[in-house]
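Each chain, written out:
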Number of protein chains: 2
Amino acid sequence: MNTFALVCSRCGVRQPFALKGVCSCGGTLLVEFDTERISLSLRDEIQGRPWTMWRYKELLPVSNISRIVTLGEGGTPLLRLERLEKRFGLGPLYSKREELNPTGSFKARGFSSAVTLLNERDIRKVAVNSNGNAASALAAYAAGCGMDAYVFVPKDCPGLIVEECLLYGAHTYLVNGFIQDAGAIVAEGASEQGWFHVGTLKEPGRVEGKKTMGLEIAEQLGWKFPDIVIYPTGGGSGIIGLWRAFLLLKELGWVQGPLPRLISVQEQGCEPVVHRFGGRDAQVGEEHVTASATGLRVPKPPDIELVVSILQQTNGHAVSVSLSEIEAAVQSLGRYGLSASPEGAATWAALLKLKDEQRITAGETIVLFNTSHAGKYMPWKVTQQTPVITSYHDFRYWHSRRS
Amino acid sequence: MNTFALVCSRCGVRQPFALKGVCSCGGTLLVEFDTERISLSLRDEIQGRPWTMWRYKELLPVSNISRIVTLGEGGTPLLRLERLEKRFGLGPLYSKREELNPTGSFKARGFSSAVTLLNERDIRKVAVNSNGNAASALAAYAAGCGMDAYVFVPKDCPGLIVEECLLYGAHTYLVNGFIQDAGAIVAEGASEQGWFHVGTLKEPGRVEGKKTMGLEIAEQLGWKFPDIVIYPTGGGSGIIGLWRAFLLLKELGWVQGPLPRLISVQEQGCEPVVHRFGGRDAQVGEEHVTASATGLRVPKPPDIELVVSILQQTNGHAVSVSLSEIEAAVQSLGRYGLSASPEGAATWAALLKLKDEQRITAGETIVLFNTSHAGKYMPWKVTQQTPVITSYHDFRYWHSRRS
């Protein structure tokens, strides 16, 4: 008997759990748990379990645990950054080391969850649009259970991430365009190809997997919330997942006190969330998208209203940083022994900016999320020929040649 | 009051703990714990601790825990490979995912430990010879506590690993030669430069850090030993560390039954351990070293007798595999969602060979160690100018120019 169902974040209507991401009203469907049916002793029971994200399985929408697809994701360190605290005069400061996940990024969590849900339903063909890490994560988890994966990334996706997708055996395509153009190709091909579209917010599993990051940091802080979380924001499903985690922990009574303030960081040159949070039009015309090719570059987040409302509800913020600031942060963090992806480093650049603007008080407990590591983003020319396509029509041409 | 001291693995003489690696008789000094002074309840106490290698701190030679240098190492997944078991008709099969460590390799453990010991003694300058991963690990852990690191790697070291060293701020030198030639430069410069030589078996901390891999797999298997461990062998300190772990667990009474059979795998073209295990001369003349540039390529392991005697004592084995077999294994494992370094993949190639030779019985529990991930080994041309040197004299020249 399931203790979970879907609820629309926009109109509030509930429906039985299914692999749907969008309500008939257009709002994002999220997973809701019947917390009264969750054992009071679960918080203690968890303690003895292996330290992966599936220690929280009763809080994840899985019905058949024998169908879980795992590569050992989650359970990443929450590293105290004492030397940085001293140097910069900041309150307790932590880095959540998401690069220490299978596939080297936090995307492992969303895909362990989503691929598990697909595996429970015997779906064998999956596709995703991505800026890179989601593609390599889908590729790995699909390979982990014998599913056929198709991944579509912008052609300037970091080459080492493309290499990863190829290593994991995904059908890999570079797209002349941005992540949403890749998404259009996946959507267009779904019917004919029979693949399940696992793009951002197309189904509920990925957000649920990301929720485990929030559950973990609370557990690692002794079932307490930090004051502030700074999270690199592209599509924003990480913000949604963290928020769901914190709400759930409150509802379960496992953590007391106010939710953390959620702060999004984006890169200048593609900052729709920052614009909308500031009350401005979020539209980023393609000609104005000048941000670098990382997970942050999402010109059209699928549900920007939801992401912005979460930032507002948590008394959070949204800030953008320049590529120079990001690159400087990668180097600075490296000199402290921390390998940060541009997205992860952006949280450090954001912290410095927020400190300068006095939006952060000394003594506040802050968690920065390091979503991946620096190595993947070293400039790299892919060694195998990988087709560059513009449309679903192009995909069909190449796919038939390569099959 | 310390519960640990040094014992010589060759002559058996005991001495107080110090940062020495070699006995006056020439044998390797190992760390011995007074197990009678270790609390009987420790095994249970450990369970509630954070899942990093320092959960075993009472079993590590640290006196001042406030001086521990950690980036969140250890606590890596032990992943059951059920699909591979079914496909190849093998007994319970696990992969210990050491690539999910800070710096992306198991070397993080040895250096968290060794750098901690140096930090306790206020040593601020360190140097290492390495085939790559040890260098980037030293670089990161030194950066993590503000030590000055000098790393020396063969000039054909994978470029992405060199980039890592640079990111972490290590003084990085490429050597015209093999790992032992780099070691000669470090040794020659120790007095004049005042750096502490953290090369293989030069001090006891690195082996102790590696010991935690053995402690973990026993814990993850429910305080049981696997039947077989297959471990990629360069210098062999991983074999030594695992052996120390298993002996300690027996002595503590935490695990019953025979030690696992330890099996080393090396690459054809540099297999001194395989030769010596087979009763042949271990000498690999430089002109005969044709193995690829990975952690396996150690033509002159510092204490080959000790490594071979451990393999013999555990009724283990030593096997070599070709580069082609390794490359095929990287690809095969990738198709199952696992990113394996050449060294890690070699354990898979070894398993297939041992199965063919019927050295492995169906039903035996086997643990393969994946020491790093595939991404680091993609062919890469380092972007910054990094000096190539042949001697300590060359080092002095470049160092003065760059300071």
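No experiment lies behind these values; they were computed from the predicted model shown.

S.K.: Looking at this structure, how should I read the environment of Glu32(B)?
M.R.: Residues and elements named next belong to chain B. Relative to the helices and strands, Glu32 resides in strand 3 (residues 29-33). A C-alpha to C-alpha distance of 9.0 Å links Glu32 and Pro61, two positions 29 residues apart in sequence. A distance of 2.6 Å separates the side chain of Glu32 from the side chain of Arg14, its partner in a polar contact.

S.K.: Would you mind going over the sheet that holds strand 1 (residues 4-8) of chain B with me for this structure?
M.R.: All names here are of chain B. Taken together, the three strands give an open sheet; going across it, the order is 2-1-3, and neighbouring strands pair in antiparallel fashion. Across the chains shown, the open sheet's two edge strands, defined by having one partner strand only, are strand 2 (14-16) and strand 3. Looking at each pair of strands side by side, their axes are set apart by 40° on average, direction ignored. As paired strands, strand 1 and strand 2 are joined by three bridges and run antiparallel to one another. Bridging across to strand 2, Ala5 finds its partner in Pro16.

S.K.: What exactly am I supposed to notice about unusual backbone geometry here?
M.R.: Most peptide bonds take the trans configuration, and most residues that are not glycine carry a negative phi. Residue and element names in this part refer to chain B. Phi at Thr103 is positive, roughly 70°, even though this residue is not glycine. Its location among the elements puts Thr103 in the loop between strand 5 (93-97) and helix 3 (107-120). Even without being a glycine, Leu201 presents a positive backbone phi close to 65°. Mapped onto the elements, Leu201 comes out in the loop between strand 9 (196-197) and helix 7 (205-220).

S.K.: What's the story with helix 6 (residues 179-193) of chain A in this structure? I'm lost.
M.R.: Side chains three or four residues apart in an α-helix point the same way, a direct result of the helix having 3.6 residues per turn. Residue and element names in this part refer to chain A. Taking 1.5 Å of rise per residue, 15 residues should cover 21 Å, and helix 6 covers 20 Å from first to last C-alpha, within 8% of that figure. Where helix 6 is concerned, the buried positions are Ile179, Gln180, Ala182, Gly183, Ile185, Val186, Gly189 and Gln193. Residues of helix 6 that are buried sit in contact with strand 6 (125-129), strand 7 (148-154), strand 8 (171-175), strand 9 (196-197), strand 14 (388-389) and helix 13 (392-402). One or two positions beyond helix 6, positive phi appears at Gly194, with a value near 75°.

S.K.: Honestly, the packing of helix 3 of chain B against helix 7 of chain B in this entry has me stumped. Any pointers?
M.R.: The description of two helices packed together rests on the angle between their axes and the distance between the axes. Residues and elements named next belong to chain B. The geometry of helix 3 relative to helix 7 is characterised by a closest axis approach of 7 Å and an angle of 135° between their N-to-C directions. It follows that helix 3 is oblique to helix 7 by the angle criterion. Between helix 3 and helix 7 lies a crossing whose hand is right-handed. Listed contacts from helix 7 to Lys107, Arg109, Gly110, Phe111, Ser113, Ala114 and Leu117 of helix 3 are Gly205, Arg206, Glu208, Gly209, Lys210, Thr212, Met213 and Glu216. Broken down by class, the residue content of the contact of helix 3 with helix 7 amounts to four nonpolar, five polar and six charged.

S.K.: Is there a simple way to think about the UniProt feature "domain: Tryptophan synthase beta chain-like PALP" (unreviewed entry) in chain A in this case?
M.R.: Here the UniProt feature "domain: Tryptophan synthase beta chain-like PALP" (unreviewed entry) sits at residues 69-371 of chain A. As annotated, residues 69-371 of chain A comprises 44% helix and 16% strand, and the C-alpha atoms at either end are separated by 21 Å.

S.K.: What exactly am I supposed to notice about the interface of chain A and chain B here?
M.R.: Listed per partner, the contact involves 36 residues of chain A and 36 residues of chain B. Roughly 2800 Å² of surface becomes buried between chain A and chain B when both sides are summed, with 67% attributable to carbon and sulfur atoms. Here chain A and chain B share zero salt bridges between them. Along the contact surface separating chain A from chain B lie eight residue pairs in polar contact (both at pLDDT 80 or more). Among the secondary structure elements, those contributing two or more residues to the side of chain A that touches chain B are helix 4 (133-144), helix 5 (159-167) and helix 11 (323-334) of chain A. Element by element, the count of residues in the side of chain A that touches chain B is highest for helix 5 of chain A, at four residues. A per-class count over the side of chain A that touches chain B returns 20 nonpolar, 13 polar and three charged.

Quick notes on the rules
Residues numbered from 1 in each chain as written. Chains lettered and ligands numbered in written order. Predicted model: local features only at pLDDT ≥ 70, side-chain atom pairs only at ≥ 80, totals over all residues. Heavy atoms only, no water. Helix = DSSP H or I, 4+ residues; strand = E, 2+ residues; numbered from the N terminus. Polar contact = N/O pair within 3.5 Å; in protein donor to acceptor, adjacent residues only side chain to side chain. Pairing = 2+ DSSP bridges. Axes fitted to C-alpha atoms, helices over the stretch in contact; angles between N-to-C directions. Expected span 1.5 Å × (residues − 1). Buried < 20%, exposed > 50% of the residue type's maximum accessible area, 1.4 Å probe, protein only. Contact = heavy atoms within 4.5 Å. Parallel < 35°, antiparallel > 145°, perpendicular 65-115°, else oblique. Left-handed = near helix turned anticlockwise from the far one by under 90°. Nonpolar A, V, L, I, M, F, W, Y, C, P; charged D, E, K, R; others polar. UniProt positions renumbered as here; feature names shortened; annotations may be inferred. Buried area = accessible area lost by both parts, 1.4 Å probe. Salt bridge = Lys/Arg side-chain N within 4 Å of Asp/Glu carboxyl O.

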